[in-house]
Amino acid sequence: ILTHYHSYHPSALRRILDSEIVRYMILPMPVDEDDRGVLSEILYLCEEKNVIPVILEDGIYAKLSESVYYERILCESIKRSSHPTVAYALHVGDESLLYVGSSVNESDQIPSMLERISDADKIVFGRHGPVPKTEYSFEVPFSTEIYAINADLYPFLSELSKKNPVITGKEIWIRFTP
């Protein structure tokens, strides 16, 4: 999943595709000419490596298999950063995983995002995006699995971990029930 475009992304993706098996590459809609140029390079790389590119707008689902859907919920620029604030969902059977970027609370869509966070079965608080400048909190059911990459970006996790276990690390593997 690529959240936005930078000129170095095609070479970084080539290194990944040279060492990993990738079937799908989920890409955002380009917003300007620079993005379109980077996307063109990435599409060429996908063709070369036999990867299926999926380009999505916000709120659009992509069916990856019979029981797996991907949804781009939010990709919004904030004035203080070149990185967008992002949120994505992966639906596997009856379970949903929500990836929340580091500054989602600065989005204009925070009320609906907090509702999505409360409804998710699994939540990953990611490290990518602008460093959070303001704190926020929310409630989740006890059964919600919570994962954090760079947990120090999220001060509310210490309070949340009193009720829900929080799994942290630089790489996180998440298992879905078949």
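Here, the structure is the one placed above.
All of these numbers come straight from a predicted model, not from anything done at the bench.

Caption draft 1: Summary view of the packing of aromatic side chains. Evaluation of the coordinates by the stated rule reveals 1 aromatic pair. Between Y70 and Y88 the ring centres are 5.5 Å apart and the planes differ by 25°, which places this aromatic pair in the stacked class. Residue Y70 is located in strand 4 (residues 68-76), and its partner Y88 is located in strand 5 (residues 85-92); the two are separated by 18 residues in the primary sequence. Given the relative accessible area of 2%, Y70 is considered buried.

Caption draft 2: Expanded view of the nonpolar core. The biggest cluster of nonpolar side chains holds 16 residues, and the ones touching the most others in it are I73, L98, V100, M113 and I123. When contributions to this core are tallied by element, the ones reaching two or more residues are strand 4, strand 5, strand 6 (95-100), helix 3 (110-119), strand 7 (122-125) and strand 8 (145-148). Non-local contacts of I123, meaning those with residues more than four positions away in its chain, are made with L98, V100, I117, V140, T144, E145, I146 and Y147. L64, V86, V92 and V124 belong to the second largest nonpolar core, which has 15 residues in total.

Caption draft 3: Examining helix 3 more closely. Within helix 3, burial applies to I110, M113 and I117. Looking straight down helix 3, one finds that the buried residues subtend no more than 55° of arc, so they occupy a single side. Those residues of helix 3 that are exposed and aimed more than 90 degrees away from the buried face are P111, E115 and D119. Buried positions along helix 3 lie against strand 4, strand 5, strand 6 and strand 7.

Caption draft 4: Up close: the pattern of salt bridges. Under the criterion given, the structure shown has 6 salt bridges. Note that R36 and E33 form a salt bridge whose closest N and O atoms lie 3.0 Å from each other. Of this pair, R36 and E33 both sit in helix 2 (residues 33-49), 3 residues apart, which is roughly one turn of the helix. Two residues, E145 and K122, come together in a salt bridge whose shortest N-O distance is 3.0 Å. Of this pair, E145 sits in strand 8 while K122 sits in strand 7, placing them 23 residues apart in sequence. Taking the relative accessible area as the measure of exposure, E145 reaches 31% and is therefore partly exposed. Within the structure, one salt-bridge network assembled from shared partners comprises E95, K122 and E145.

Caption draft 5: Structural context of the pairing of strand 3 (residues 60-65). Relative to strand 4, strand 3 runs antiparallel, the two sharing 5 bridges. In the sheet register, I60 faces strand 4, and the bridge partner there is R72. In textbook terms, the turn of a hairpin is the stretch between consecutive antiparallel strands, and for strand 3 and strand 4 this stretch comprises 2 residues.

Caption draft 6: Spotlight on a nonpolar patch on the surface. Taken together, the side chains of M29, L43 and I55 make up a nonpolar region of the molecular surface, amounting to roughly 210 Å² of accessible area. Within the secondary structure layout, I55 lies in strand 2 (residues 52-56).

Caption draft 7: Structural detail: the layout of surface pockets. In this structure, the second largest pocket encloses a volume near 250 Å³. What lines the second largest pocket is a set of 14 residues, among which H4, V31, D35, S77 and P84 lie closest to the centre. When the residues that make up the lining of the second largest pocket are grouped by side-chain class, the tally is 6 nonpolar, 5 polar and 3 charged.

Caption draft 8: Focus on the packing of helix 1 (residues 9-19) against helix 2. Look at helix 1 against helix 2: their axes get within 10 Å of each other, and the N-to-C directions meet at 15°. On the basis of their axis angle, the class for helix 1 and helix 2 is roughly parallel. Note on packing geometry: the crossing formed by helix 1 with helix 2 is right-handed. The segment helix 1 lies against helix 2, with P10, L13, R14, L17 and D18 engaging V38, E41, I42, L45, E48 and K49. Taken together, the residues that form the contact of helix 1 with helix 2 break down as 6 nonpolar, no polar and 5 charged.

The rules behind the values
Residues numbered from 1 in each chain as written. Predicted model: local features only at pLDDT ≥ 70, side-chain atom pairs only at ≥ 80, totals over all residues. Heavy atoms only, no water. Phe/Tyr/Trp six-rings, centres within 6.5 Å; stacked < 30°, edge-to-face > 60°. Helix = DSSP H or I, 4+ residues; strand = E, 2+ residues; numbered from the N terminus. Buried < 20%, exposed > 50% of the residue type's maximum accessible area, 1.4 Å probe, protein only. Core = buried A, V, L, I, M, F, W, Y, C linked by side-chain atoms within 4.5 Å. Contact = heavy atoms within 4.5 Å. Arc of directions from axis to C-beta. Salt bridge = Lys/Arg side-chain N within 4 Å of Asp/Glu carboxyl O. Pairing = 2+ DSSP bridges. Patch = residues over 30% accessible without salt bridge, like charges linked within 9 Å, V, L, I, M, F, W, Y side chains within 5 Å. Areas by Shrake-Rupley, 256 points an atom, 1.4 Å probe, with all protein chains shown as cover. 1 Å grid on protein atoms, 1.4 Å probe; cavity = no way out; pocket = protein on both sides within 12 Å on 5 of 7 lines; lining within 4 Å. Points joined across faces, edges and corners; volume = space filled by probe spheres on them. Nonpolar A, V, L, I, M, F, W, Y, C, P; charged D, E, K, R; others polar. Axes fitted to C-alpha atoms, helices over the stretch in contact; angles between N-to-C directions. Parallel < 35°, antiparallel > 145°, perpendicular 65-115°, else oblique. Left-handed = near helix turned anticlockwise from the far one by under 90°.

In short, geometric facts, not functional conclusions.
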